[in-house]
Each structure stands twice: as structure tokens, then as C-alpha cells.
Amino acid sequence: QTDRAGPVFNLCDRPEKRFIINTIKNHSTDEIRVGKVIGMVREKGGIEYTVSRMEEYRQKALSMLESHPDNEAKRSLIDLVNFVIDRTK
């Protein structure tokens with residue numbers, strides 16, 4: 001299961017994994033704890049991994065849409081895929 005979580009969990013030791021999970025489940029409003037988790041994610045390459053995976057899914061989605069006729073629905077789905085991936089917040 002940790003393989004699906006990406007490089008952060010693969011590179012964390014057991015106490016770090018527990019800290020991340022506990023923070024997400026029980027302390028998501030604690031800015032200091034959340035900041036530490038974000039720092040861990042950045043340090044271990046989690047942002048780059050996530051961006052790479054998003055691009056993979058974008059390409060899969062767009063590829064699936066290629067076989068459909070060009071119409072408003074298809075263009076809307078393409079726009080939605082790109083919006084979800086490209087948005088900044």
C-alpha cells in the first residue's frame with residue numbers, strides 16, 4: 001500500500017509515517033504540524049511525484065477522449081481535465 005502513496009511514504013521511517021497519518025487524521029487544523037508535514041513532502045520529492053502523476057492521468061484522459069467525435073461535450077471534458085490539472089488553487 002505504501003507504493004501507492006508515492007515517494008514520501010516510501011522514504012519515511014515508521015515514526016514519520018505515524019506523524020503524517022496522525023496529523024492528517026487528527027490535527028489538520030494545527031498549522032505547525034501541517035507545516036511540518038508539508039516540509040516532509042517537499043523534502044522527499046512528493047510535489048514532483050504528484051505533478052508527474054497528474055500529467056500521466058491528464059494524458060490518459062485526453063487519450064480516451066480522442067476517439068470520440070468532436071463536439072461541445074468533448075471540448076467541455078477536455079477543458080475540465082486541463083482546468084483540474086492546471087489550476088493553482
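Calculation rules
Residues numbered from 1 in each chain as written. Predicted model: local features only at pLDDT ≥ 70, side-chain atom pairs only at ≥ 80, totals over all residues. Heavy atoms only, no water. Helix = DSSP H or I, 4+ residues; strand = E, 2+ residues; numbered from the N terminus. Buried < 20%, exposed > 50% of the residue type's maximum accessible area, 1.4 Å probe, protein only. Contact = heavy atoms within 4.5 Å. Salt bridge = Lys/Arg side-chain N within 4 Å of Asp/Glu carboxyl O. Core = buried A, V, L, I, M, F, W, Y, C linked by side-chain atoms within 4.5 Å. Axes fitted to C-alpha atoms, helices over the stretch in contact; angles between N-to-C directions. Parallel < 35°, antiparallel > 145°, perpendicular 65-115°, else oblique. Left-handed = near helix turned anticlockwise from the far one by under 90°.

Remarks on the overall build of the chain
Secondary structure summary: the chain contains five helices and zero strands in total. Starting at the N terminus, the α and β elements of the chain follow one another as α-α-α-α-α. In the chain, which comprises 89 residues, the share counted as buried stands at 20%. Relative to all contacts within the chain whose residues are 6 or more apart in sequence, the contacts with residues 24 or more apart total 38%.

Observations concerning the pattern of salt bridges
Per the counting criterion, the structure on display carries four salt bridges. Measuring nitrogen to oxygen at the nearest pair gives 3.9 Å for the salt bridge that ties Glu56 to Arg53. With a gap of three residues between them, Glu56 and Arg53 both fall in helix α4 (residues 46–66), about one helical turn apart. On the basis of relative accessible area, Arg53 is assigned to the partly exposed category, the value being 29%. Within the structure, one salt-bridge network assembled from shared partners comprises Glu55, Arg58 and Asp86.

Things to note about the nonpolar core
Counting six residues, the largest nonpolar core is built from Val8, Phe9, Cys12, Ile20, Val37 and Met40. Those residues within four positions of Cys12 in sequence are excluded, and the remaining contacts are Lys17, Ile20, Met40 and Lys44.

Comments concerning the packing of helix α2 (residues 14–26) against helix α3 (residues 31–43)
Each pair of packed helices gets described by two things: the angle between the helix axes and the distance between those axes. Running from N to C, α2 and α3 point in directions that differ by 130°, and their axes come no closer than 10 Å. Here α3 runs oblique to α2, going by the angle between their axes. Considering the relative orientation of α2 and α3, their crossing is left-handed. Touching Glu16, Phe19, Ile20, Asn22 and Thr23 of α2 are Arg33, Val34, Lys36, Val37 and Met40, all from α3.

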